[in-house]
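Here are the chains, one letter per residue:
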Amino acid sequence: MEESQAVVVGVDTHKDSHSAALVDELGSLVASTDVGANQRGYVQLLDWARSRSSHRTWVVEGTGSYGAGLAGFLAGCGEVVYEGDRPQRRKHGAGGKSDQLDAIKVAREALAREHHAVPRQRGNREAIRVLLSTREGVVTAYRQALNQLYALVVTAPEPIHERLIRLKGEQLVKACLRLRCTAGDIETSVTTRVLRRVAHRIRSLQVEAADYESQLEELVAETVPALLSEPGVGAITAAQLLVSWSHAGRIRNENAFAAMAGVAPVPASSGRVVRYRLNRQGDRRLNRALHVVAVCRSGFHTPTKNYIARRTAEGKSSREIRRCLKRYLARRFFRLLQGLDTP
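Colleague: Describe in detail the pairing of strand 2 (residues 17–23), supporting the description with residues and values.
Modeller: Within strand 2, six of the seven residues are buried, which leaves it mostly tucked inside the rest of the structure. Remark: three residues form the turn of the hairpin made by strand 1 (residues 7–13) and strand 2, two consecutive strands paired antiparallel. Of the pairings in the sheet, the one linking strand 2 to strand 3 (residues 29–36) comprises seven bridges and is antiparallel in character. Each bridged residue has a counterpart across the sheet, and for His18 the counterpart in strand 3 is Val35.

Colleague: Tell me about the packing of helix 6 (residues 169–177) against helix 7 (residues 186–223), and please be specific about residues and values.
Modeller: At a minimum axis separation of 8 Å, helix 6 and helix 7 run at an interaxial angle of 125 degrees. As summarised for this structure, helix 6 and helix 7 are arranged oblique, according to the angle between their axes. Helix-helix and strand crossings are classified by hand; for helix 6 and helix 7 the assignment is left-handed. In this structure, helix 6 contributes Glu170, Val173, Lys174, Cys176 and Leu177 to the contact, and helix 7 contributes Leu195, Arg196, Ala199, His200, Ile202, Arg203 and Gln206. Classifying every residue of the contact of helix 6 with helix 7 by side-chain character gives six nonpolar, two polar and four charged.

Colleague: Go over the sheet that holds strand 3 with me, naming the residues and quoting the values.
Modeller: A sheet is described by the order of its strands in space; here five strands give the open sequence 3-2-1-4-5, paired in mixed fashion. In this open sheet, the two strands that pair with only one neighbour each are strand 3 and strand 5 (80–84). Sheet twist, expressed as the average angle between the axes of neighbouring strands with direction ignored, equals 20 degrees. In this sheet, strand 2 lies alongside strand 1 in antiparallel orientation, the contact comprising six bridges. Of the residues in strand 2, the one forming a bridge with Thr13 is His18. Against the sheet, helix 1 (residues 39–50) touches strand 1, strand 2, strand 3 and strand 4 (56–61), its axis set at about 165 degrees to strand 3.

The rules behind these values
- Residues numbered from 1 in each chain as written.
- Predicted model: local features only at pLDDT ≥ 70, side-chain atom pairs only at ≥ 80, totals over all residues.
- Heavy atoms only, no water.
- Buried < 20%, exposed > 50% of the residue type's maximum accessible area, 1.4 Å probe, protein only.
- Helix = DSSP H or I, 4+ residues; strand = E, 2+ residues; numbered from the N terminus.
- Pairing = 2+ DSSP bridges.
- Axes fitted to C-alpha atoms, helices over the stretch in contact; angles between N-to-C directions.
- Parallel < 35°, antiparallel > 145°, perpendicular 65-115°, else oblique.
- Left-handed = near helix turned anticlockwise from the far one by under 90°.
- Contact = heavy atoms within 4.5 Å.
- Nonpolar A, V, L, I, M, F, W, Y, C, P; charged D, E, K, R; others polar.

Here it is, written out as C-alpha cells:
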C-alpha cells in the first residue's frame, strides 16, 4: 500500500448511506463525505476521490454485506480495493462515535496493518456462497421443525401419543402425514391438524434443501472438479472450501490459510516453557469442513489410518492426531485450490 498509493480512502458502510474519509500516508485527515448506498452514490464517491488524489487505495468495511456493492463497483472501475475490518471500539466516552469517525478509523487502521485482505470474488464463488448459506438456513429450519414435531408427540392426547411416541425421523414424518381428523374432542382434532401441517413443512424443507444441494453439486463440479476427487470431500465440503478461499492471490500462503481456518497452533511459550495452544478464532465453517474430511478419512482412507496408527504409537491422543490431520488438510487443499483458475 505504501509503495504505490499516496492516500487511503476508508469507507464505513451502512444500509442507506456510506461515509468516506480520505487520509494521507501519515494518517492525517484530508477530506470526508457521505453518499447514498446506491449506484449514483458510488459514482459521486469515486468522482470525489479522483478530484482529490490521482493515486489512492480504498479500504471498504463490510465487503461481504453493506459494502459489497461499492467494492464491486470500485473494482470494476480499476480501483485498488482492500477489505477493512470493523474499527476497534474505544472505551465508552473516550473519543466519541460517528460514521465519519469510523471511516477515519478504518483508513488509519489499514495504514497500520502489515497484511491487507482482498475482497472475495463474485461470479461462481458468490453463487456457491448464496446456495450454501441458504441451504444451511433450510437445514436449520428442518431440524427445528423436527424437534417441534417430537415435542408435540410427547404432549399429544393418549391415542396419538401411543401411536407415534416410538417413531423417529422419517418414520415419524410419514406417520404424521397419514393422520386424519376424526370426530372427537377439540384437543385431539387440533393436535392432529398441527402434526400434519408440521410434517408437511418438514417435507417441503427436505425438498428445498435437496434442490439447493443438487445445484451446489453442479456448480462445484464445474468450478473445482479436482477437489471433488479428494477422499472424503463431498459437494458441501468442497463448496465451503471454495467460498472461504475465494480466489488465487487473496490468501498469501498456506500458513495464512491454516490460521484463517483455525487449525494453526498459536505459540504460547514463556521463558523455558515451550508450548502451543488451540486457535479458536478464524472461519469456523471452514474449520468444520476440514474436521468433516478428517473424520471421514479416518474411517476408510488407508494412508490416513496408517498415520493415525503411527502417531498413536508415539503417544499422541486422538484429539492431537485429528488436529495434525486438519493442519495437513489445510495445506493440501490450499495448494490444490491455488492451481485453479476460477472465473
